[in-house]
Amino acid sequence: MPTPPLAGGPTGPAALRPLIDTVLTALHDGATLRGGPLPAGGPDTVTPRTRTATHPLIPDHGTGPHHALRNLVTALAAGAADPAHPHCAAHLHTPPLALAAAADLAASALNPSMDSWDQAPAASALEADLTTALAAEIYPHTPSPDAVITTGGTEANQLALLLARERHGPVQTICGTNAHHSVTRAAWLLGLPEPVAVPAPTGTLDLAALDEALTELHRPLLVVATAGTTDTGEIDPLDAIADLCATHGAELHIDAAYGGPLLFSPTHRTLLHGLDRAHSVTLDLHKLGWQPASAGLLAVPERHHLTPLHHHAPYLNADDDTEAGLPDLLGRSLRTTRRPDALKIAVTLQALGRTGLAELIDRTLATAHHLADLVTKNPTLDLYDRPTISTVLLRPTGADDHTVATVRRTLLQRGHAVLGRAHAEGRLWLKATLLNPHTTPQDLQTLLDLITDTTADLITGTTDLPAGTTDLPGTVPAPAGTTTDLLTQPPATPTATHPTPHPTESDTPR
């Protein structure tokens with residue numbers, strides 16, 4: 001076998017072109033084989049099918065580049081949960097823009113490593129300019145804001161706690177019960193006290209309880225607020241929390257991994273009022289920014305706040321090299337080798353501009369409100385609350401939690417829809433996290449039809465239950481005379497009334 005060509009250099013593009021064509025064909029073929037938001041059959045079907053299609057992974061004699069690409073990419077696409085499908089709406093798992101994915105291909109081909117200037121001359125300059133520009137969006141009134149690229153919200157939150165620890169020693173973190181699990185995990189990793197959890201009875205951090213906690217605790221304090229919780233997408237009262245922090249001498253970190261991009265929307269940026277008062281802010285553009293993972297960010301109001309991240313390794317940032325003018329990149333991350341994730345973000349921002357990104361955000365939030373309207377009009381479904389960002393919680397009227405969980409797993413097993421789950425108001429809800437700006441009203445109606453039909457199907461006993469499910473206690477019985485053939489008859493109508501939507505507690509972390 002001849003020596004395989006490289007992706008870079010003057011001959012790299014010619015070598016990539018036919019391979020990319022094979023990949024694109026395989027992506028199309030795999031999606032066609034899948035035929036929906038995810039493959040039907042669950043793990044017991046998908047795992048052996050994938051293994052059969054891809055083994056042996058290390059053959060004695062290679063199959064050649066086109067065969068290997070065609071085989072493995074088709075298998076993965078056929079077995080994917082595709083966030084570009086309008087019924088794949090469980091998580092903060094965005095369908096990436098084509099232009100961002102194309103930029104990511106360039107990043108892979110060039111393969112700059114962002115740990116020293118001599119590995120990434122232009123990429124390091126681009127990253128520095130991008131992080132400064134994005135930090136200025138968050139902190140428009142400070143002279144030298146800055147940010148570092150992270151793998152996502154989890155790493156950014158860990159960095160925020162690390163920087164607070166370096167400023168003040170073993171800080172005591174305070175967060176709402178609605179906060180992301182990474183806050184507690186970061187405190188554990190950093191050897192900090194376990195965070196004090198403040199109630200969030202309406203889905204957002206309770207101000208009176210926060211005031212009490214800040215009054216009672218005396219060590220250096222760091223409050224973590226959330227702008228876009230994972231379960232409900234709600235935003236803590238940032239300005240009021242910043243006021244309490246100022247009164248009690250506490251620092252404030254805001255986890256805006258989900259909601260941060262609202263800054264680009266003139267219509268919705270007021271939801272983030274007070275964001276610029278935080279000592280650090282997490283932003284994650286592989287959520288409401290439509291980037292391929294990863295595309296996280298930690299922003300600070302002043303560049304010198306990042307100084308504790310500085311690290312010295314003579315083979316990467318020797319003192320005499322730095323004194324001679326070569327930029328020192330090791331202080332830009334806790335990682336050493338890392339990809340130039342700034343490229344895809346920069347391409348997206350330049351291609352769309354502020355107005356283009358705002359249009360995507362506004363359209364996505366409008367889609368969520370339309371779904372909430374459809375739920376409200378459906379007497380067989382309950383709505384948790386109007387969406388703050390793009391997360392909608394709903395559940396079949398009269399169903400118990402066991403039924404709700406089984407409906408979700410049945411939709412997964414059938415390959416019909418990918419919905420999340422969240423606890424709020426002491427009950428389990430189906431969670432639709434809408435991040436696809438191409439989703440249509442008909443897509444939403446079809447999704448609700450799938451939920452109601454599946455619920456009726458389970459109640460009338462016309463389908464095999466997912467593995468581990470034995471019965472459905474507490475479900476609403478089907479009316480007398482209801483047929484078991486849901487392909488020809490409408491779903492059973494539960495007798496319970498449809499409650500008025502109202503804000504309630506989210507007791508599961510974001």
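Our structure is the block above this text.
So, how was this worked out
- Residues numbered from 1 in each chain as written.
- Predicted model: local features only at pLDDT ≥ 70, side-chain atom pairs only at ≥ 80, totals over all residues.
- Heavy atoms only, no water.
- Pairing = 2+ DSSP bridges.
- Helix = DSSP H or I, 4+ residues; strand = E, 2+ residues; numbered from the N terminus.
- Buried < 20%, exposed > 50% of the residue type's maximum accessible area, 1.4 Å probe, protein only.
- Salt bridge = Lys/Arg side-chain N within 4 Å of Asp/Glu carboxyl O.
- Patch = residues over 30% accessible without salt bridge, like charges linked within 9 Å, V, L, I, M, F, W, Y side chains within 5 Å.
- Areas by Shrake-Rupley, 256 points an atom, 1.4 Å probe, with all protein chains shown as cover.
- Axes fitted to C-alpha atoms, helices over the stretch in contact; angles between N-to-C directions.
- Polar contact = N/O pair within 3.5 Å; in protein donor to acceptor, adjacent residues only side chain to side chain.
- Contact = heavy atoms within 4.5 Å.
- 1 Å grid on protein atoms, 1.4 Å probe; cavity = no way out; pocket = protein on both sides within 12 Å on 5 of 7 lines; lining within 4 Å.
- Points joined across faces, edges and corners; volume = space filled by probe spheres on them.
- Nonpolar A, V, L, I, M, F, W, Y, C, P; charged D, E, K, R; others polar.

(A) Representation of the sheet that holds strand 12 (residues 427-433) in the model. Within the open sheet, the five strands sit side by side as 1-11-12-10-9. Their pairing is mixed. One side of each edge strand has no neighbouring strand; the edge strands of this open sheet are strand 1 (88-89) and strand 9 (381-383). Direction of pairing for strand 10 (residues 391-396) relative to strand 12: antiparallel, over a ladder of four bridges. Residue leucine 393 lies in a different strand from strand 12, and its bridge partner there is lysine 431.

(B) Quick look at the environment of leucine 92. Turning to its location among the elements, leucine 92 is positioned in the loop between strand 1 and helix 4 (98-110). Looking at leucine 92, the relative accessible area reads 16%, which means it is buried. With 165 residues separating them in the primary sequence, leucine 92 and alanine 257 have C-alpha atoms 9.8 Å apart.

(C) Focus on the environment of threonine 267. Inspection of the secondary structure assignment puts threonine 267 in the loop between strand 6 (251-256) and strand 7 (280-284). Threonine 267 gets classed as exposed once you look at its relative accessible area, which sits at 52%. It is 9.5 Å that separates the C-alpha atoms of threonine 267 and isoleucine 361, two residues lying 94 residues apart in sequence.

(D) Broad picture of the pattern of salt bridges. The tally for this structure, following the rule as stated, stands at 20 salt bridges. One salt bridge connects arginine 34 with aspartate 82, and the closest N-O pair in it is separated by 2.9 Å. With arginine 34 in helix 1 (residues 12-34) and aspartate 82 in the loop between helix 3 (65-78) and strand 1, the pair connects residues that are 48 residues apart, well separated along the chain. Note on arginine 34: relative accessible area 13%, which makes it buried. With a shortest N-O distance of 3.1 Å, lysine 344 and aspartate 341 are connected by a salt bridge. Taken together, the shared-partner salt bridges in this structure form one network comprising Asp104, Arg339, Asp341 and Lys344.

(E) Geometry of a nonpolar patch on the surface. Together, Leu57, Ile58 and Leu72 line one region of the surface with nonpolar side chains, adding up to about 330 Å² of accessible area. Along the chain, isoleucine 58 falls in the loop between helix 2 (43-54) and helix 3. Given the relative accessible area of 77%, isoleucine 58 is considered exposed.

(F) Seen up close, the sheet that holds strand 8 (residues 296-300). Strand order in the open sheet made by the seven strands is 2-8-7-6-5-3-4, with mixed pairing throughout. On the outer flanks of this sheet lie strand 2 (146-150) and strand 4 (196-198), each paired with one strand and no other. Along the sheet, successive strands turn relative to each other by an average axial angle of 20°, direction set aside.

(G) View of the side chain of histidine 253. With respect to the element layout, histidine 253 can be found in strand 6. With relative accessibility at 0%, the residue histidine 253 sits in the buried group. A distance of 2.9 Å separates polar atoms of two side chains, one belonging to histidine 253 and the other to asparagine 157. Setting aside chain neighbours within four positions, we find histidine 253 in contact with Asn157, Ala160, Leu222, Val223, Val224, Ala225, Ser280, Val281, Thr282 and Leu298.

(H) View of the environment of alanine 422. Mapped onto the elements, alanine 422 comes out in strand 11 (residues 418-424). Residue alanine 422 is classed as buried on the basis of its relative accessible area, which comes to 1%. Considered as a pair, alanine 422 and threonine 230 are 192 residues apart in the sequence and their alpha carbons are 8.8 Å apart. Beyond its immediate stretch of four places on either side in the chain, alanine 422 contacts Asp231, Leu393, Arg427, Leu428, Trp429 and Lys431.

(I) Highlighting the layout of surface pockets. Roughly 970 Å³ of volume is contained in the largest pocket. Taken together, 29 residues make up the lining of the largest pocket; nearest its centre are Val23, Leu24, Leu27, Pro96 and Ala101. Listing elements by their share of the lining of the largest pocket, those giving two or more residues are helix 1 and helix 4. Per-element tally for the lining of the largest pocket: the top contributor is helix 1, with nine residues. For the lining of the largest pocket, the per-class residue count stands at 22 nonpolar, four polar and three charged. In this model, the second largest pocket occupies a volume close to 340 Å³. Along its surface, the second largest pocket is lined by 17 residues, and Asp146, Arg303, Asp328, Gly331 and Arg332 are the ones closest to its centre. Top contributing element to the lining of the second largest pocket by residue count: helix 5 (residues 121-138), with six residues.

Honestly, it's all geometry; don't read function into it.
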